[in-house]
Amino acid sequence: TSLWHIMVMVGKVLGIFHKYYELRPCKPKLQRLRHLLEKSKYKGPEYEEDLLKSEVKGYWRLMDHEYHFRVLSHILNFVDENSWCVDKVKRVETLQALVGLVPVEVLEQCFLWYTEKTENVDEYGEPFYRLIESKVCRFLAEILLRSAGKFNLKDFFASWQQSVPEGMQTSEKYLEGMALIDKNSKPAVIWYYSEHDLPEEITERIRLLFQVKEKWTLDEICPYVQRLATEKMNVNALLTKYARASTVGGVRYYSAKHAK
């Protein structure tokens, strides 16, 4: 038997496939994970069951918002009590002073999240840390807005500035993707509206965005769709596909695709 006959006998066509699957990189969809973690938020050791009291380390936990505020307040109050500048915070001294109030894992994570190491050192050669203005200001703004409903814009900015550490300056840019501002109402108002609470499915997200506000500028809507953009479809491409653009007074606005 020739080699050709052997190949014909062994090789048997079972079917013809007109479709194929290709693996492509995509952005992770973390909303489901976030929802799972929200079911068991960490509120501090006094609220934990016996099973978890000694098992905090090694578990991913979503920190309860009020507890998160309490931990950050301990850090900020300690900085204020020592009259430290926002860029001369001592890490070791802070952790040692607060470890009796906050579990060390939570304290260290919170400190690292809200500070960054500087090139300057103290008298012992330990580096100074700087409180990160954008993160501290943003979280304190969230504290003010979460339960306030619609807040008079002028009053909000006054209260917000008073709540942040001395040496920090609040800015509207720190509110991106977390709050909406209506400067056309009288008086102007602001309210909490978090990007994290929106669905990850683009059409449903777009529908909700135009439901809460009929017209958006690019700067306003960008923080609410940026996370869904990809290398092949950036924010402009997404809005071109799912929204309608118009220009009013030289300003470009986006509205619902089929709005009247």
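Our structure is the block above this text.
This write-up is about the structure you can find in this document. The model shown is predicted, which means the values in this text are computed figures rather than measured ones.

**Concerning the pairing of strand 8 (residues 243-248)**
Phase 1: Judged from the six bridges that link them, strand 8 and strand 9 (residues 251-256) form a sheet pairing that is antiparallel. If you follow Val-248 over to strand 9, its bridge partner there is Val-251.
Phase 2: Once strand 8 ends, the chain turns through two residues before running back antiparallel as strand 9, passing Gly-249 with a positive phi of about 60°.

**So, the sheet that holds strand 8**
Phase 1: Pairing is antiparallel in the open sheet, where three strands are placed in the order 7-9-8. The sheet terminates laterally at strand 7 (216-217) and strand 8, the two strands that pair on one side only.
Phase 2: Relative to strand 9, strand 7 runs antiparallel, the two being bridged by two bridges. Paired with Trp-216 across the strands is Tyr-254, a residue of strand 9.

**Digging into the side chain of Lys-90**
Phase 1: When you line up the elements, Lys-90 lands in strand 1 (residues 89-90).
Phase 2: Residues within four places of Lys-90 in sequence aside, it is in contact with Trp-84, Asp-122, Glu-123 and Phe-128.

**Here we look at the sheet that holds strand 2 (residues 115-121)**
Phase 1: What the three strands build is an open sheet, ordered 1-3-2; its pairing is antiparallel. The sheet terminates laterally at strand 1 and strand 2, the two strands that pair on one side only.
Phase 2: As defined by bridge partners, strand 1 adjoins strand 3 (residues 127-131) across two bridges and the pair is classed as antiparallel. Across the sheet, the residue bridging to Val-89 is Tyr-129, located in strand 3.
Phase 3: Most of the contacts of helix 6 (residues 104-114) go to strand 2, to which it runs at about 75°, and overall it touches strand 1, strand 2 and strand 3.

**Remarks on the nonpolar core**
Phase 1: Judged by nonpolar contacts, the single largest core of 39 residues is most densely connected at Leu-145, Phe-156, Trp-160, Leu-175 and Ile-190.
Phase 2: Within the residue set of this core, elements represented by two or more residues are helix 4 (65-81), helix 5 (91-98), helix 6, strand 3, helix 7 (133-146), helix 8 (153-163), strand 5 (179-182) and strand 6 (189-192).
Phase 3: Considering every element that reaches this core, the biggest residue donor is helix 4, with seven residues.
Phase 4: Apart from the residues within four sequence positions on either side, Leu-175 is in contact with Arg-138, Ala-141, Phe-156, Phe-157, Trp-160 and Ile-190.

**Regarding the packing of helix 4 against helix 7**
Phase 1: Contact pair helix 4 / helix 7: the axes reach a minimum separation of 11 Å and the direction vectors enclose 135°. The angle between the axes of helix 4 and helix 7 places the two elements in the oblique class. For helix 4 against helix 7, the interelement crossing comes out left-handed. From helix 4, His-65, His-68, Phe-69, Leu-72 and Leu-76 reach across to helix 7, where they touch Val-136, Phe-139, Leu-140, Glu-142, Ile-143 and Arg-146.
Phase 2: Residue classes in the contact of helix 4 with helix 7 are distributed as seven nonpolar, two polar and two charged.

**Side note on unusual backbone geometry**
In most cases, non-glycine residues show a negative phi, while peptide bonds are predominantly trans.
Phase 1: Cis geometry marks the peptide bond from Lys-186 to Pro-187, where omega comes out at 0°.
Phase 2: For Pro-187, the position within the fold is in the loop between strand 5 and strand 6.
Phase 3: Positive phi, close to 55°, is recorded for Ser-83, a residue that is not glycine.

About the thresholds
Residues numbered from 1 in each chain as written. Predicted model: local features only at pLDDT ≥ 70, side-chain atom pairs only at ≥ 80, totals over all residues. Heavy atoms only, no water. Pairing = 2+ DSSP bridges. Helix = DSSP H or I, 4+ residues; strand = E, 2+ residues; numbered from the N terminus. Contact = heavy atoms within 4.5 Å. Axes fitted to C-alpha atoms, helices over the stretch in contact; angles between N-to-C directions. Core = buried A, V, L, I, M, F, W, Y, C linked by side-chain atoms within 4.5 Å. Buried < 20%, exposed > 50% of the residue type's maximum accessible area, 1.4 Å probe, protein only. Parallel < 35°, antiparallel > 145°, perpendicular 65-115°, else oblique. Left-handed = near helix turned anticlockwise from the far one by under 90°. Nonpolar A, V, L, I, M, F, W, Y, C, P; charged D, E, K, R; others polar.

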